[in-house]
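Residue-level listing of the chains:
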Amino acid sequence: MKYKSTRGKVNQLSFSETVLMGLADDGGLIIPEKIPQIGKEEILRLSDLPYKELALNIMEYFIDDIPRIDLKTIINDSYSAFDTEEVIPVVSFGGNLFIGEIFHGPTHAFKDIALQFLGNLFSFILNQKGQKMNILGATSGDTGSAAIYGFKGKKDINIFILHPHGKVSPVQELQMTTVDDKNVFNIAIEGTFDDCQFIVKSIFNDLEFKKRYSLGAINSINWSRVLAQIIYYFYTYFKSTKGNDELPKVYFAVPTGNFGNIFAGYVAKKMGLPIKKLILATNENNILTRFINNGDYSLSKVVETYSPSMDIQIASNLERYLYFLYNEESEILSEKMNEFEKNKRLSFKGDELKKIQSDFVSISTSNEQTLKTIKNFYKKYSYILDPHTACAINAVEAVYNTQDIFIALATAHPAKFEDAIVKAIGIKPEEPSRIKQIKGKPKRFTILQNSIEDVKRFIQEALS
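On a predicted model such as this, the values are computed, not experimentally measured, just so you know. (Residues numbered from 1 in each chain as written. Predicted model: local features only at pLDDT ≥ 70, side-chain atom pairs only at ≥ 80, totals over all residues. Heavy atoms only, no water.)

**Q** So, the pattern of salt bridges: which residues are in play, and what are the values?
**A** Counted under the stated rule, the structure contains 20 salt bridges. When the shortest N-O distance is used, the salt bridge between R290 and D296 registers 3.1 Å. Under the relative-accessibility criterion, R290 is labelled buried at 15%. Exposure remark for D296: the relative accessible area of 22% places this residue in the partly exposed category. Ionic pairing is found between K439 and E431, a salt bridge with its closest N-O pair at 2.4 Å. Look at K439 and you get partly exposed, because its relative accessible area is 38%. Take E431: its relative accessible area is 17%, and that puts it in the buried class. Salt bridges linked by common partners bring D206, E453 and K456 together as one network. (Salt bridge = Lys/Arg side-chain N within 4 Å of Asp/Glu carboxyl O. Buried < 20%, exposed > 50% of the residue type's maximum accessible area, 1.4 Å probe, protein only.)

See the structure below:
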């Protein structure tokens, strides 16, 4: 298995090279040269495997430069930190609605699935190569804390995380800023998540700076993040269709702002997992809904919502999907990405829009509807949705039918968004012990202006 850039000027990368490069040196995103195909017999063979074994079996389609015994150790170490042996519980709500709880890791967000794996993966590869690395990432809340918990205390790795100052939930901020390991650097940017992401991408595009400071990426621009997320589409599918050897096609409802979570589902579908359609759930920051429903991918102002991890306009991972939409033609994709850089908009019509709508359906959920969905679901099932998952459930309700199976991905524990839950149902969700333990701890972070040069200077000084 070799990897290449969506922009066509970087190719023939090994998996390990892909992990360390993060963003391709030509500015593109890295993808496999071919998506592996899995037939019905193999899908049925995989269907009874526990989560860690399933991960090993699927990852082996994509990784051929790490010995099996080492890959197995990396996977086992990554998911032993979760608070349930099954890693991802799947809850049935009668008949054909299921929720896959992908939030049982150390920071109680789905980002732990990939970032616990990535932390151990980086350690293994760097140790093999005798190298050091400095991780640079941006977060709208959950990625930062999950990355810090995945990399804190790791030998030969420093981690720099940018978050929008005052625009993440109190628990998300605590999870990031109360970690006192010397290799962790929190930077609060006076701006939005998109500003943080722009700074990170700009620094990675400065190849001389990237090389001099050995910068690596943990945002979902790193292919291994997507790879780790593919697994839970297979796992939740198997749990929701157990006993049905006919392998029915299902709907997956996915709250997403950066398109990484749902792109993993798209890859799973391309591999052969029977997915009828992916339901893309957004909040009032609905650029992806406009893209799917109207072919309008154009920037507008970021709105603060109860689901801050989706308060995003520029969806970094969309480029990977567009590469396939443009029939894997890198030149066309590069032109389109340059056009977007210049005009802050792309439009899709005719056959392109039909193709998009054959893969996805999308629903945007308002702040008011988010609270209403949390309230109604709690009343009906005594189950508390976090605000992001509420967007997914609202989207399911918009397209629901009684013939198909619907699987919604619950991306965060409701205790991370206590204020919204109290507004919706009048009671506080029970806090996991890991969240209780960080309350009242001193916070450690540096506030910087929305400036590429200021962040570069901070990195230079921290590493000097």
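**Q** So what about the packing of aromatic side chains? Which residues, and what values?
**A** Scanning all chains against the criterion turns up 34 aromatic pairs. When the ring of F160 is compared with that of F185, the centres are 4.6 Å apart and the planes differ by 10 degrees; the resulting orientation is stacked. Of the two residues, F160 sits in strand β6 (residues 157-164) while F185 sits in strand β7 (residues 184-189), which places them 25 residues apart along the sequence. Residue classification places F160 among the buried positions, given a relative accessible area of 0%. When the ring of F234 is compared with that of F238, the centres are 6.2 Å apart and the planes differ by 55 degrees; the resulting orientation is tilted. On the criterion of helical spacing, the pair formed by F234 and F238 is a turn pair, its members being four residues apart in helix α10 (residues 223-240). (Phe/Tyr/Trp six-rings, centres within 6.5 Å; stacked < 30°, edge-to-face > 60°. Helix = DSSP H or I, 4+ residues; strand = E, 2+ residues; numbered from the N terminus.)

**Q** Just give me the short version of the packing of helix α16 (residues 367-381) against helix α18 (residues 418-425), but keep the residues and values in it.
**A** Where α16 contacts α18, the axes come no closer than 8 Å and their chain directions differ by 65 degrees. With respect to the hand of their crossing, α16 and α18 are arranged in right-handed fashion. Of the residues in α18, those in contact with L371, I374, K375 and Y378 of α16 are A420, I421, K423, A424 and I425. Class assignment for the residues of the contact of α16 with α18 results in seven nonpolar, no polar and two charged. (Axes fitted to C-alpha atoms, helices over the stretch in contact; angles between N-to-C directions. Left-handed = near helix turned anticlockwise from the far one by under 90°. Contact = heavy atoms within 4.5 Å. Nonpolar A, V, L, I, M, F, W, Y, C, P; charged D, E, K, R; others polar.)

**Q** Tell me what's going on with the nonpolar core, and back it up with residues and numbers.
**A** If you look at the biggest cluster of nonpolar residues, it comprises 112 residues, and the most contacted ones within it are F122, I230, F252, Y321 and L322. Sorting elements by how many residues they give to this core places α10 first, with 12 residues. In contact with Y321, other than residues within four places in its own chain, are F259, F263, Y266, F291, K355, I356, D359 and F360. Formed by 30 residues, the second largest nonpolar core is a distinct cluster that contains L371, I374, A390 and I425. (Core = buried A, V, L, I, M, F, W, Y, C linked by side-chain atoms within 4.5 Å.)

**Q** Just give me the short version of a negative patch on the surface, but keep the residues and values in it.
**A** A cluster of like negative charges, contributed by E329, E331, E335 and E339, occupies part of the molecular surface. Within the secondary structure layout, E339 lies in helix α14 (residues 330-343). (Patch = residues over 30% accessible without salt bridge, like charges linked within 9 Å, V, L, I, M, F, W, Y side chains within 5 Å. Areas by Shrake-Rupley, 256 points an atom, 1.4 Å probe, with all protein chains shown as cover. Lys, Arg positive; Asp, Glu negative; His and termini not counted. Charge placed at Lys NZ, Arg CZ, Asp CG, Glu CD.)

**Q** How would you sum up the packing of helix α6 (residues 142-151) against helix α7 (residues 170-177)? Please name residues and give values.
**A** As a packed pair, α6 and α7 sit with axes 8 Å apart at the nearest point and diverge in direction by 25 degrees. It follows that α6 is roughly parallel to α7 by the angle criterion. Of the two possible hands of crossing, α6 and α7 adopt the one that is left-handed. Every residue of α7 that contacts α6 at D142, G144, S145, I148 and Y149 is listed here: Q172, Q175 and M176. Of the residues belonging to the contact of α6 with α7, the class tally is three nonpolar, four polar and one charged. (Parallel < 35°, antiparallel > 145°, perpendicular 65-115°, else oblique.)

**Q** Provide a residue-level description of the pairing of strand β4 (residues 97-101), including the pertinent values.
**A** Judged by how many residues are buried, β4 sits mostly within the fold: five of five residues are covered. Side chains L97, I99 and E101 project from β4 onto one buried face, and the interleaved F98 and G100 project onto a second face that is buried too. As defined by bridge partners, strand β3 (residues 90-92) adjoins β4 across three bridges and the pair is classed as antiparallel. Considered in β4, the bridge of V90 is made with G100. Of the strand pairs in this sheet, β4 and strand β14 (residues 405-410) are connected by five bridges, and their pairing is parallel. Within β14, the residue paired with F98 across the bridge is I407. (Pairing = 2+ DSSP bridges.)

**Q** How would you summarise the environment of D454 if you had to cite specific residues and measurements?
**A** Take D454: it is sitting in helix α20 (residues 452-463). Dropping the residues within four chain positions of it, D454 is found in contact with L448 and Q449.

**Q** So, helix α15 (residues 350-359): which residues are in play, and what are the values?
**A** Looking only at α15, the buried set comprises L353, I356 and D359. One side of α15 holds all its buried residues, which, seen down the axis, span an arc of 125 degrees. Across from the buried face of α15, at angles greater than 90 degrees, the exposed residues are D351 and K354. Where α15 is buried, its residues touch α11 (260-271), β10 (275-282), α12 (287-294), α13 (318-325) and β13 (360-364). (Arc of directions from axis to C-beta.)

**Q** Describe in detail the sheet that holds β10, supporting the description with residues and values.
**A** Note: strands within a sheet are paired through backbone hydrogen bonds, in either parallel or antiparallel orientation. Reading across the sheet, the six strands line up as β3-β4-β14-β9-β10-β13 and stay open at both edges, with mixed pairing between neighbours. At either margin of the open sheet sits one strand with a lone partner, and together these are β3 and β13. Strand-to-strand twist in this sheet, taken as the mean axis angle between neighbours without regard to direction, amounts to 25 degrees. Against the sheet, α12 engages β10 and β13, with an angle of about 135 degrees to β13.

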